[in-house]
Structure formats: structure tokens, C-alpha cells
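Overview (structure and organization)
Residues per chain, in single letters:
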Amino acid sequence: MERKVKDENNGRIRNEFFIRIWANRRIEQGELLTTHYTDCDRNVKERRADLLETFYFECGCTKCLNDLMAEVTLAPNEIAS
Ligand SMILES: [Zn+2]
């Protein structure tokens, strides 16, 4: 969301960006809030490649790490079949 704000000091109009978020559960004080930057329905390799290309970081979130571990665990079975 964007809104235009008149600066009290110099009278110029500037744009401010903000986002409003509603929680669908109680958030505990000090709890870390996170969001996703890619389609979470894609597989882990696609998600991480997208994040690296778009936002220049290698994701280390719990979902990615769990999905990577699942792939490592499943890999020997896939090779055998
Ligand atoms: Zn991730």
C-alpha cells in the first residue's frame, strides 16, 4: 500500500509505503513473524533457485531444510528403483 504524506518541515509531498497484516491466531510478544517470498507449493530446489535469483539469498527456513533433508533421505530409494 502507498500513501502520499505532506512533509511538515519542507511542505513536499512524499510517498510512504506500508503494509497492514492481520493475524489469524494470537501472536506472542517477542515471537518472530516471517513471510514467504516465493510459491511455497513449488519443490525445494525450485523455491531456493527462485529466491537466490530474485532476492540473492540461500533460504535456510525450516521448510526448506526439512524438504532438503527429506530429499537426502529419499535419494537412495529413488536410485534403487
Ligand atoms: Zn525456505
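Keep in mind the model is a prediction, meaning the values are calculated, not measured.

1. Comments concerning the overall build of the protein chain
- Tallying secondary structure elements over the protein chain gives two helices and two strands in all.
- Along the protein chain, from the amino end to the carboxyl end, the secondary structure elements read β-β-α-α.
- Put simply, the protein chain has 81 residues, and 2% of those count as buried.
- Counting contacts in the protein chain only where the partners sit at least 6 residues apart, residues at least 24 apart contribute 6% of the total.

2. Quick notes on unusual backbone geometry
- Even without a glycine there, the phi angle at Y56 is positive, about 65 degrees.
- Structurally, the position occupied by Y56 is in the loop between α1 (44–55) and α2 (62–80).
- The class for Y56 is exposed, based on 7 C-beta atoms found within 10 Å.

3. With respect to the environment of C40
- For C40, the position within the fold is in the loop between β2 (13–17) and α1.
- Along the sequence, C40 and C64 sit 24 residues apart, while their C-alpha atoms lie 9.5 Å from each other.

About the cut-offs
Residues numbered from 1 in each chain as written. Predicted model: local features only at pLDDT ≥ 70, side-chain atom pairs only at ≥ 80, totals over all residues. Helix = DSSP H or I, 4+ residues; strand = E, 2+ residues; numbered from the N terminus. Buried ≥ 20, exposed ≤ 12 C-beta atoms within 10 Å, placed from the backbone. Contact = placed C-beta atoms within 7 Å.

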